[in-house]
Amino acid sequence: MFRYYGWLAARSLRKNPALTVLMVIAIGLGIGASITTLTVLRVLSGDPLPDRSAHLFVPQIDPKSMDDFHPGEEPEDQVTYPDGVNLLNARRADRQALMSGGAVVVQPDNAAIDPYMAEARYTTTDFFAMFDVPFRYGSGWSAADDDAHARDVVISKKLNDKVFGGGNSVGKTLRLQSTEFRVVGVLDAWRPAPHFYDLNIGRYGESEEVFVPLETALELEMGRNGSMNCWGNESTDKPERSPDCSWMQFWVQLDTPEKQKAYEAFLDNYSDEQRGLGRFPRPNNVRLRNLMQWLDYQKVVPSDVRLQVWLSFGFLAVCLVNTIGLMLAKFLRRSGEVAVRRAIGASRREVFVQFLVEAGAVGVAGAVLGLLLALLGLWGVRQQPGDYASLAHLDLPMLLITVLLALAASLLSGLLPAWRACQVAPALQLKSD
Amino acid sequence: MLKMSHLSKSFRTEVVETYALRDFSIEVREGEFVAVTGPSGSGKTTFLNIAGLLETPTGGSYELDGEDVSRLGDDARSRIRNGKIGFIFQAFNLIPDLNIHDNVDVPLRYRRMSGSERKRRIGEALERVGLSARMRHYPAELSGGQQQRVAIARALAGSPKLLLADEPTGNLDTQMARAVMQLLEEIHRDGATIVMVTHDPELAARAQRNVHVIDGQVVDLGEAPRLHMNVTRVHA
């Protein structure tokens, strides 16, 4: 029977092409707008490490002075160098990494490539394993290399392609700021979105091209990128080493809830211990947010993106109401046909399904149009200057959501008209007396 | 074939209850051709709607082909309409967007018949009414008489036990009306049971039996004087 209903639907839709096109455009526009904004929201609010985000945490402590103290306020987002090193060396987590963003001059041996500035990350050995960073060649450096301030470097695929022609460059030398580094690892394509481990330097930007051991970078005074927050009155020549300036990101991996509780207790104890040493004048104020909680706390998704999603779904609702009106008018104009079909044997359910199939056909056409409009909309988003713009692509799940949304939308818009049509009383309609 | 006993049908508003049929009893035997006559508003169309299971009675009982059908649900009534009843309407009620072939096909579709079986039945039904050459025409391309013959073919295609005709010649000129009536008589001679509602005493006279309805009640049952073409009404 579905083939018959499909055939009837095609005839009916062909009979009034202007009305059909109007309904398809209404659904297509609504779907296109909704999917475009939803895709952007999904890109922005996605989990960059779905397999392990629940086990990755940002420890926060409060080393600030009593100036401008307001009870209940959030502690610092970043840690000072002394605290970072203390927490790192305590090794109380399954993995831990201290880090900062930076920028270095890359000086390729190949004279054909001019020296250029590259984004860098100065970090410690666990960074790669903790964040599941994919390697194409080699690996990260060891803890011993950290301690030895080794001149090791891990490079991105992009840099490897540019400087070394994409081959296995492990063991080769790369000159950074006039210092020779040994390439120990080459990453595969890696661009976590958002750039969760350091939101200070572009939330959806590309990953760094160069990864250098933290102490090596500090020793060589390599250029630092990011924000720094200092307190107290004493000025210092080297704020990087100051206990009164927070500027480093510290992440830990805690694999069980018990370890999370223990780590919170450790942060409390650490605060007490530091107070005993004359620091941490404020009451203990520690936090341990996991990755997704951290992104939420940092309000990574711009509020206007959420607003756009609401607006586009409101627009979809308006489109649907219009489609419902058009379908209602169209279906009820066929009351005579419904009455005849009912009189010669169609049940209410059969009439209902017949009209629902017609509504579904409009939905399929609307889905196709909506998909094309969404692709166009996302192309438009990618032309924008924002750092997340280039990420706006329709992936397979969103494709499925588009189709389901369009079908649900059209069936929903067909439900009332089809119901009204099948409620036509044949006796009244056919009355000729 | 059709037996209604003490049937009633009332329509209730907030202030008044109006009876369209009251204590209405009738029996139509298999193979009979019965004409139901009466003035406008007498209840003959309501009777036809209940007989065709398009409406349910308020009271009384209705047996069709030996089955009590007075309290059936919508699905069951649809199945019986589709399987046992053929309708012929005054306004033909063909679906304008479908050609003749597809119009006759409609009731067969709801029976889930195979394509070959449907094709055979459509061919036979249209052959019977003399329109097999016009299968691909649309209703608007046919005369009124031809449209009514298509409607009759549609009713016949499903081999119904009972044909219900509501003023089948009401929208036709005399010549076409005669042709349609002749067709109905032929169908009856072939064994069909026909109940026809009509204003027209000339048509009623050509039925086997007349039933006169006034104010929702049967006032007379009698053999129609088949030889007299000018009988206007049969009174007790």
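Just so it is clear, the model here is predicted, and its values are computed rather than measured.

Counting its secondary structure elements, chain B contains 7 helices and 10 strands. Relative to the compact-globule value of 18 Å for 236 residues, chain B shows a C-alpha radius of gyration of 18 Å, a close match. In terms of overall dimensions, chain B has C-alpha extents of about 50 × 45 × 35 Å along its principal axes. Evaluated residue by residue, chain B yields a buried proportion of 48% over its 236 residues.

In this section: the overall build of chain A. Across its full length, chain A carries 14 helices and 13 strands. A compact globule built from 433 residues would reach a C-alpha radius of gyration of about 22 Å, whereas chain A, at 31 Å, exceeds it by more than 25%. Along the longest, intermediate and shortest principal axes, the C-alpha atoms of chain A span 105 × 60 × 35 Å. Among the 433 residues that make up chain A, the fraction classed as buried is 41%. Sequence-distant contacts in chain A: of pairs separated by 6 or more residues, those separated by 24 or more amount to 77%.

This paragraph deals with the confidence of the model for chain B. All names here are of chain B. Averaged over every residue, the pLDDT of chain B is 85; residues scoring 70 or more account for 93%. Scored below 50 in pLDDT, residues 224–236 makes 27 contacts in the model with residues more than four places away or belonging to other chains. The ipTM value of the predicted complex is 0.86, and its pTM value is 0.71.

Residue and element names in this part refer to chain A. The alternating pattern of strand 6 (residues 152–155) places Asp152 and Val154 on one face and Val153 and Ile155 on the opposite face, and all of these are buried. Pairing between strand 6 and strand 8 (residues 179–187): 4 bridges, direction parallel. When the sheet's bridge partners are listed, valine 153 is paired in strand 8 with valine 183. With 2 bridges joining them, strand 6 and strand 9 (residues 210–213) adopt antiparallel strand pairing. Its bridge partner lying in strand 9, valine 154 is registered against phenylalanine 211.

With that settled, the discussion passes to the packing of helix 12 (residues 348–382) of chain A against helix 13 (residues 396–422) of chain A. Residue and element names in this part refer to chain A. Helix 13 packs onto helix 12 with a crossing angle of 150° between their chain directions and a minimal axis gap of 7 Å. Relative to helix 13, the element helix 12 is oriented roughly antiparallel. Pair helix 12 / helix 13 crosses with right-handed handedness. Looking at the contact of helix 12 with helix 13 residue by residue, the classes come out as 19 nonpolar, 8 polar and 1 charged.

All names here are of chain A. Interaxial distance between helix 2 (residues 17–45) and helix 13 falls to 10 Å at its minimum, and their mutual angle equals 145°. Our pair here, helix 2 against helix 13, has a crossing hand that is right-handed. Here Ile27, Gly30, Ile31, Ser34, Ile35, Thr39 and Arg42 of helix 2 come into contact with helix 13, specifically with Met398, Thr402, Leu405, Ala406, Ala409 and Ser410. Classifying every residue of the contact of helix 2 with helix 13 by side-chain character gives 7 nonpolar, 5 polar and 1 charged.

A few words now on the interface of chain A and chain B. Counting residues at the interface gives 19 residues for chain A, matched by 24 residues for chain B. The biggest single contributor to the side of chain A that touches chain B is helix 11 (residues 335–343) of chain A, with 4 residues. Partitioning the side of chain A that touches chain B into residue classes produces 8 nonpolar, 3 polar and 8 charged.

Let us now look at the sheet that holds strand 4 (residues 59–64) of chain B. All names here are of chain B. With antiparallel pairing, 4 strands are arranged side by side in an open sheet as 2-1-4-5. The sheet terminates laterally at strand 2 (17–28) and strand 5 (67–68), the two strands that pair on one side only. One ladder, built from 5 bridges, connects strand 1 (residues 2–12) with strand 4; its direction is antiparallel. When the bridges of strand 4 are listed, serine 8 appears paired with glycine 59.

Attention shifts here to helix 6 (residues 174–189) of chain B. All names here are of chain B. Over its 16 residues, helix 6 runs 22 Å from end to end, which matches the ideal 22 Å to within 8%, given 1.5 Å per residue. Here helix 6 has its buried residues at Ala177, Val180, Met181, Leu183, Leu184 and Ile187. Looking straight down helix 6, one finds that the buried residues subtend no more than 155° of arc, so they occupy a single side. Away from its buried face by more than 90 degrees, helix 6 exposes Thr174, Gln175, Gln182, Glu186 and Arg189. Contacts from the buried residues of helix 6 go to helix 5 (144–157), strand 7 (162–166), strand 8 (193–198) and helix 7 (201–205). Downstream of helix 6 by one or two residues, glycine 191 has phi in the positive range, about 115°.

As a further point, take helix 10 (residues 303–333) of chain A. Every α-helical turn comprises 3.6 residues, leaving residues that sit three or four positions apart pointing alike. Residue and element names in this part refer to chain A. In this model helix 10 runs 45 Å from its N-terminal to its C-terminal C-alpha over 31 residues, within 8% of the 45 Å that 1.5 Å per residue would give. The set of residues buried in helix 10 consists of Val309, Ser312, Leu316, Cys319, Thr323, Met327, Lys330 and Phe331. Where helix 10 is buried, its residues contact helix 2, helix 12 and helix 13.

Turning to the nonpolar core, a few remarks are in order. Counting residues in hydrophobic clusters, the biggest one holds 116 residues, and the most contacted among them are Ile27 of chain A together with Val36, Ala153, Leu163, Leu164, Ile194 and Val195 of chain B. Looking at this core, the element that brings in the most residues is helix 12 of chain A, giving 14 residues. If near-sequence neighbours (up to four positions away) are discounted, leucine 164 of chain B is found in contact with Leu48, Ala51, Gly52, Ile85, Phe87 and Val195 of chain B. If you look at the next biggest cluster of nonpolar residues, it comprises 56 residues, including Val212, Cys245, Leu291 and Trp294 of chain A.

All names here are of chain A. Here alanine 193 and proline 194 are connected by a cis peptide whose omega angle stands at 0°. Looking at where proline 194 falls in the secondary structure, it is placed in the loop between strand 8 and strand 9. At phenylalanine 280, a position not held by glycine, the phi torsion is positive, near 50°. Following the sequence through the fold, phenylalanine 280 ends up in the loop between helix 8 (257–276) and strand 13 (287–290). In this structure phenylalanine 280 comes out as buried when scored by C-beta crowding, with 22 C-beta atoms within 10 Å.

Our next topic: the environment of leucine 64 of chain B. Residues and elements named next belong to chain B. Within the secondary structure, leucine 64 sits in strand 4. Counting along the chain gives 109 residues from leucine 64 to aspartate 173, while the straight-line C-alpha distance between them is 34 Å. When residues no more than four places from it in sequence are discounted, the contact partners of leucine 64 are Leu2, Val69, Ile80 and Lys84.

Conventions used here
- Each residue is numbered by its place in its chain's sequence as written, counting from 1.
- Chains carry letters from A onward and ligands carry numbers from 1 onward, assigned in written order.
- Only residues with pLDDT of 70 or above have their local features reported here, since the model is predicted, and side-chain atom pairs are shown and tallied only from 80 upward, although totals for entire chains, interfaces and linings are computed over all residues.
- Helix and strand assignments follow DSSP, with helices taken as H or I runs no shorter than four residues and strands as E runs no shorter than two, numbered in order from the N terminus.
- Every radius of gyration here is taken over C-alpha atoms, with the globule rule written as 2.2 Å times N^0.38, N being the number of residues.
- Partly exposed residues are those whose C-beta has more than 12 but fewer than 20 other C-beta atoms within 10 Å; 20 or more makes a residue buried and 12 or fewer makes it exposed, with C-beta atoms placed from the backbone.
- Think of it this way: build a C-beta for each residue from its backbone, and any pair within 7 Å is a contact.
- The pLDDT value expresses, per residue, how confident the predictor is, ranging between 0 and 100.
- Criterion used throughout: strands pair if DSSP finds at least two bridges between them.
- Convention adopted: a line fitted to C-alpha atoms gives each axis, helices being fitted over their contacting stretch, and angles between N-to-C directions are expressed from 0 to 180 degrees.
- Just so you know how the angles are binned, under 35 degrees is roughly parallel, over 145 roughly antiparallel, 65 to 115 roughly perpendicular, and the rest oblique.
- For a crossing to be left-handed, the near helix must be turned anticlockwise from the far one by less than a right angle; the clockwise case is right-handed.
- Nonpolar residues are Ala, Val, Leu, Ile, Met, Phe, Trp, Tyr, Cys and Pro. Charged residues are Asp, Glu, Lys and Arg, and all others, Gly as well, are polar.
- Helix span, expected: 1.5 Å multiplied by one less than the number of residues in the helix.
- By definition, the arc is the one covered by directions from the helix axis to the C-beta atoms.
- Any nonpolar core is a set of buried residues, restricted to Ala, Val, Leu, Ile, Met, Phe, Trp, Tyr and Cys, that join up through C-beta atoms within 7 Å.

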